[in-house]
Amino acid sequence: MIIRTIVALALAALAASACTTASAAQLPTHVGIRIHYSHFDQTKIEVPMGVPVTFTLINDDPIDHEWLIGDEAFHARHRAGTEAVHGDRPNEISLPPFSVRTTTLTFDKPGPLTFICHFPQHEAYGMVGVVMVKP
Ligand SMILES: [Cu+2]
C-alpha cells in the first residue's frame, strides 16, 4: 500500500511538472543562440522579467547577420530602415561572419518579443524567433 501511494505521488509530480510552465525564477539568465545556414538554432525562448539576461550570439555563417529584438513597432521601423550596421544598442547586434557577440538585456514587461535578422530576405527565409518574458 505504501509503495502504491509513492508511485501515485511520483506520477502526480510528473504530471504537474509536465503541465506547468517554469516559474520566472527557474528560467535561464544566460541564453546561447547559434546561427547556422541562416537559421537561429532556437526560436522559442522563455526568460524571466526584471533581471539581466545575457545572450551569447554565435554566427557560424560566412556572411553577415544581425540580431534585433523588440516589439512589432520596432521591427516595422527596421524593415523600412536603412541602418546597415548596429552595435551601440543592447537590443541591436550586428554579427559579422564567424563572430560571437554577447549582450545583456533586462526586460521590464511580460509578453512576447521577436528577434529577427533584417538583412534582405533573411526574415522571409526564417531568421525569426520569439523571446517570451515571464513575470
Ligand atoms: Cu541574417
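None of the values given here were measured: they were computed from a predicted structure.

**Student:** What am I meant to see in the overall build of the chain here?
**Tutor:** Scanning the chain for helices and strands turns up three helices and nine strands. Traced from its N-terminal end to its C-terminal end, the chain shows the element sequence α-β-β-β-β-β-α-β-β-β-α-β. Partitioning the contacts of the chain with sequence separation of at least 6, the portion at a separation of at least 24 is 67%. Total accessible area on the chain stands at roughly 8200 Å², and carbon and sulfur atoms take up 62% of it.

**Student:** Looking at this structure, I do not really get the coordination of the copper ion. What am I missing?
**Tutor:** Put simply, a metal with four donors set out as a tetrahedron has ideal angles of 109.5 degrees, and one with six donors set out as an octahedron has ideal angles of 90 or 180 degrees. The coordination sphere of the copper ion contains the protein donors His65 (ND1), Cys117 (SG), His122 (ND1) and Met127 (SD), at a distance range of 1.9 to 2.6 Å. If you look at the copper ion, its four donor atoms make angles of 88 to 135° with each other, and the shape they trace is irregular. Within one chain, the residues serving as donors to the copper ion are arranged as H-x51-C-x4-H-x4-M. Here Met127 lies in the loop between helix 3 (122-125) and strand 9 (128-134) and Cys117 lies in the loop between strand 8 (111-116) and helix 3, a separation of 10 residues in the sequence. Each of the two residues, Cys117 as well as Met127, counts as buried.

**Student:** Explain the pattern of salt bridges here, please?
**Tutor:** This model, assessed by the stated rule, comprises five salt bridges. Where Arg79 meets Glu72, a salt bridge forms, and the shortest distance between an N and an O atom there is 3.8 Å. Between Glu123 and Arg79 there is a salt bridge, and its shortest N-O distance comes to 2.8 Å. With Glu123 in helix 3 and Arg79 in helix 2 (residues 72-80), this pair connects stretches of sequence that are 44 residues apart. By relative accessible area, which is 24% here, Glu123 ends up partly exposed. Here Arg79 falls in the partly exposed class, since its relative accessible area comes to 41%. Salt bridges here are not isolated pairs; linked through shared partners, they connect Glu72, Arg79 and Glu123.

**Student:** How should I be thinking about the environment of Ile69 in this particular structure?
**Tutor:** Within the secondary structure layout, Ile69 lies in strand 5 (residues 65-70). Residues Ile69 and Cys117, spaced 48 residues apart in sequence, show a C-alpha to C-alpha distance of 9.1 Å. Ignoring any residue separated from it by four or fewer positions in sequence, one finds Ile69 in contact with Phe74, His75, Asn91, Leu105, Phe107, Leu113, Thr114, Phe115 and Val131.

**Student:** Just checking my understanding: could you explain helix 2 for this structure?
**Tutor:** Structurally, the α-helix is built with 3.6 residues per turn, so residues lying three or four positions apart point the same way. Of all the positions in helix 2, only Phe74, His75 and His78 are classed as buried. One side of helix 2 carries all its buried residues, which in axial view fall inside an arc of 90°. For helix 2, the exposed residues set more than 90 degrees away from the buried face come down to Glu72, Arg77 and Ala80. The secondary structure elements touched by the buried residues of helix 2 are strand 5, strand 6 (92-95) and strand 8. At the N-terminal boundary of helix 2, the capping side chain belongs to Asp71, with an oxygen 3.3 Å from the backbone nitrogen of Ala73.

Definitions and cut-offs
- Residues numbered from 1 in each chain as written.
- Predicted model: local features only at pLDDT ≥ 70, side-chain atom pairs only at ≥ 80, totals over all residues.
- Heavy atoms only, no water.
- Helix = DSSP H or I, 4+ residues; strand = E, 2+ residues; numbered from the N terminus.
- Contact = heavy atoms within 4.5 Å.
- Areas by Shrake-Rupley, 256 points an atom, 1.4 Å probe, with all protein chains shown as cover.
- Donors = N, O, S within 2.8 Å, 3.2 Å for Na, K, Ca; no water.
- Tetrahedral: all angles 85-135°; square planar, octahedral: opposite > 155°, others 65-115°.
- Buried < 20%, exposed > 50% of the residue type's maximum accessible area, 1.4 Å probe, protein only.
- Salt bridge = Lys/Arg side-chain N within 4 Å of Asp/Glu carboxyl O.
- Arc of directions from axis to C-beta.
- Polar contact = N/O pair within 3.5 Å; in protein donor to acceptor, adjacent residues only side chain to side chain.

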